[in-house]
Amino acid sequence: MQWEKLGKIFDPSEHNLSEGCTLFAKSPQALVFDNFLRIYFCSQKKTNNGKYLSCPQFVDFNKSFDKILRLSQGPIVELGKIGEFDEHGIFPLNVLEHEGKTFAYTSGWSRRRSVSIDMSIGLAISEDTGLSFKKYGSGGPIMAATHNEPFLVGDPFVKYLNGLFHMWYIFGTNWNRPSVDGEAERFYKIAHAESNDGINWIRNGKTIIEDKLLNECQALPTVFYAGGQYHMYFCYRNAFNFRNNRVNAYRLGYACSDDLISWNRDDTKSGIDVTEGAWDSDMMCYPNTFECDGEIYLLYNGNEFGKYGFGLAKLGAL
Amino acid sequence: MGFKWQKLGLVFDPTHYENRPEWMVNFAQAPNVIIFDDYVRVFFCCRPAPDENKEFVSYCAFVDLDRKNLFSVINISTQPVLSLGGLGSFDEFGTYPVSVIRDGADIFAIYGGWARCESVPFNISLGLARSKDDGVSFQKYGVGPVLSHSPDEPFIVTSPKIRRYDATWYLAYTAGRRWILGDDGRPEIIYKLRIATSTDGINWSKRNKDIVESKLGEDEAQACPDIFYTNGKYHMFFCYRHGLDFRENKNRSYRIGYASSSDLLSWQRDDSMVDIDVSEDGWDSEMVAYPTVFELDGIVYMLYAGNGNGRTGFGLAKLEGDGK
């Protein structure tokens, strides 16, 4: 793979975002229209208790990515009510057009006490081209923890291929502490589910991407088809000390597959890495690949989990 | 018409036993039975002393009652039959309630696992476990829950009652509808009875609808849908309460309700069929809750929890009418 970095294209601190958000544009995910692109991302707003809630928003770009056409106004999907799985934020949000509707698969966050959070996957549906979404059901998730996927079910990425919905997502395998009195940190891995209707999913508790690090967390898989193969990008990091130590921070990983079932990881083929001195010098995370007018693009976040925005790269040679 | 229950009195309250273990300081909640040749093993849930924040965990335990005299406790479990889950698990802070059933030589259990949350006090999902030693110890099926939250059951999936009729497993349970705030700002859960079916006891298909209508309005909370088959009909004894002010106010606390069904899926509620109510005084003077009905040697019995939802232990009643 060879990627040409096109640089950072959106900085939230330069805009008046809705819901009073000023920082973070995490996990950019594109929906391609005839004449423009709608890029969803998650910003953060501070609440009374000093904690943050992730709120999905979007920005519309022209197809040369040099002009912003529109920013979302107000919430595009409401956070959950008291006790619901997405009460404390939605991050990320993955969009899929299907039969005239736009499906948003969401990672809902709910705060716990012995550990910081739990996550489950929700579904919201838009009938106005993704401007606003209405939640499916009565406030609950479509995918939550199960006996063999015991924690933190999130980061959905859905594609409709050959008459079947495929979801790549993550689930938590365990929580652990770096030391006896250290803060509990989560461990999660990438998995795959299938569905006939996009609502009811069949999954098997198996992880599909081999670990590279001893204490590896894998997140946000994204898949595209090119050159007769399926390609997956994702991000991975050390479970511990990953926020401030660039060695342990998120990097992009790569795997390929012929059959959507077995994946061969080979990060050396990813064709993209951090750039010294740039906005993505210490971290690269939350990739989203998409096709637009015959080109494959990659959206991603750089340093500090996207605090100062997201950037774009374009696929050159396979 | 209807079921006439004769109260026989308190059977077990752990506080009456001086040498009880530290994890069984008080409470004997949500009894369920497995019948053995010489004794009836009653599984229930109990609590150790609260932690520094006055919060409890809950353990599953059992007592054996002499089959010839159900007021004679002949054995008390020396260890919790189920361990609490590890860091971050759905059952890290409690295993309550538990429902048990024989499956061949094993005992199969479905239990509520408790996690502690920030905006609400807790969340609950159902875990599964199996015992190969008559219920002395159970091994969990996986680290996570087997029945959890879904689009129309957003939180608090609990109060399981597992049954098997012909080749189908039935799980009656309760699912959270909404959290409402009391005058003190404490969130209280409103939950409604639901049912799911399974061919293997592991993969469940939810019916996704309330199975018993509410008598106290939309804020009625319903729990413990205990199903008993007799005289060609399925009978459900459950408990229900008001949405708020149900802890201290005896007029708003748990009472026992009744519904019947011919197919386990559609139920007709008729509380006039059950005459068991709070007593004038004593251990069940403020509430009657969490019933379980079983037949033993030709007699139909009900075990149920009393005041404080089992804080004062559980007691026994005997069916006089035949319910026809």
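Provided above is the structure to which this section pertains.
None of these values were measured; they are calculated from a predicted model.

The next thing to look at is the pairing of strand 2 (residues 26-35) of chain B. Counting buried residues along strand 2 of chain B, eight of its 10 residues qualify, which places the element largely inside the surrounding structure. Here strand 2 of chain B folds back onto strand 3 (residues 39-47) of chain B in antiparallel fashion, the turn holding three residues.

This part is about the packing of aromatic side chains. Residues and elements named next belong to chain B. Within the structure shown, the criterion is met by 56 aromatic pairs over all chains. Arranged with centres 6.1 Å apart and planes meeting at 55°, the rings of Tyr-165 and Tyr-170 form a pair that is tilted. Owing to a relative accessible area of 18%, Tyr-165 belongs among the buried residues under this scheme. Judged by relative accessible area, Tyr-170 falls into the buried class, the value being 14%. Here the aromatic residues Tyr-96, Trp-114, Phe-122, Phe-155, Trp-179, Tyr-254 and Tyr-290 are joined through ring pairs into a cluster of three or more. Here the guanidinium or amino end of Arg-241 rests over the ring plane of Phe-246, the centre of that ring lying 3.7 Å away.

This part covers the nonpolar core. Of all hydrophobic cores here, the largest spans 56 residues; its most connected members are Trp3(A), Trp168(A), Met232(A), Tyr250(A), Trp263(A) and Ile272(A). One finds Ile107(B), Ala109(B), Trp114(B) and Phe122(B) within the second-largest nonpolar core, a separate group that totals 38 residues.

The final tally for this structure, using the stated rule, is 46 salt bridges over all chains. Put simply, Lys5(A) and Asp280(A) hold a salt bridge, and the shortest N to O gap is 2.7 Å. One end of the pair, Lys5(A), is in strand 1 (residues 3-10); the other, Asp280(A), is in the loop between strand 16 (264-265) and strand 17 (285-292), with 275 residues separating them in the sequence. Among the ionic pairs, Glu55(B) bridges to Arg116(B), the shortest N-O distance being 3.7 Å. Of the two residues, Glu55(B) is situated in the loop between strand 3 and strand 4 (59-66) and Arg116(B) in strand 7 (residues 106-116); the sequence distance between them amounts to 61 residues. Sharing partners across several salt bridges, the network here consists of Asp103(B), Asp106(B), Arg130(B), Lys132(B) and Arg164(B).

Residue and element names in this part refer to chain B. Looking at the element boundaries, Ser-261 is found in strand 16 (residues 255-261). Looking at Ser-261, its side chain comes within polar contact range of the main-chain nitrogen of Asp-263, at 3.0 Å. Reaching out from Ser-261, the side chain makes a polar contact with the backbone oxygen of Ser-266 at a distance of 2.7 Å. Leaving out residues up to four positions away in the same chain, Ser-261 has contacts with Lys-233, Tyr-234, Ser-266, Trp-267 and Gln-268.

Conventions adopted
- Note on numbering: residues in each chain are counted from 1, in written sequence order.
- All chains are assigned letters beginning with A, and all ligands numbers beginning with 1, in the order in which they are written.
- Restriction of local features to residues with pLDDT of at least 70 applies here, the model being predicted, together with a cutoff of 80 or more for giving and counting side-chain atom pairs; totals for whole chains, interfaces and linings are based on all residues.
- Excluded from the side-chain calculation are hydrogens and water; included are all heavy atoms of the structure.
- For each residue, the accessible area found with a 1.4 Å probe, counting protein chains only, is set against the maximum for its type, and the residue is called buried under 20%, exposed over 50%, and partly exposed in between.
- To qualify as a helix, a DSSP run of H or I must reach at least 4 residues; to qualify as a strand, a run of E must reach at least 2; elements of each kind are numbered from the N terminus.
- When DSSP finds two or more bridges between two strands, those strands count as paired.
- We call Phe, Tyr and Trp rings a pair once their centres come within 6.5 Å, taking the six-membered ring for Trp, and we label the pair stacked below 30 degrees between planes, edge-to-face above 60, and tilted otherwise.
- Only when the NZ atom of a Lys or the CZ atom of an Arg is both within 6 Å of the ring centre and within 35 degrees of the ring normal do we say a charge sits over the ring.
- Joining through side-chain atoms within 4.5 Å is the link that ties buried Ala, Val, Leu, Ile, Met, Phe, Trp, Tyr and Cys residues into a set, and such a set is a nonpolar core.
- When a carboxyl oxygen of Asp or Glu lies within 4 Å of a side-chain nitrogen of Lys or Arg, that pair is called a salt bridge.
- Here a polar contact is taken to be a pair of N or O atoms separated by no more than 3.5 Å, where protein atoms must pair a possible hydrogen donor with a possible acceptor and residues adjacent in sequence count only if both atoms sit in side chains.
- Two residues form a contact once any of their heavy atoms are found within 4.5 Å.

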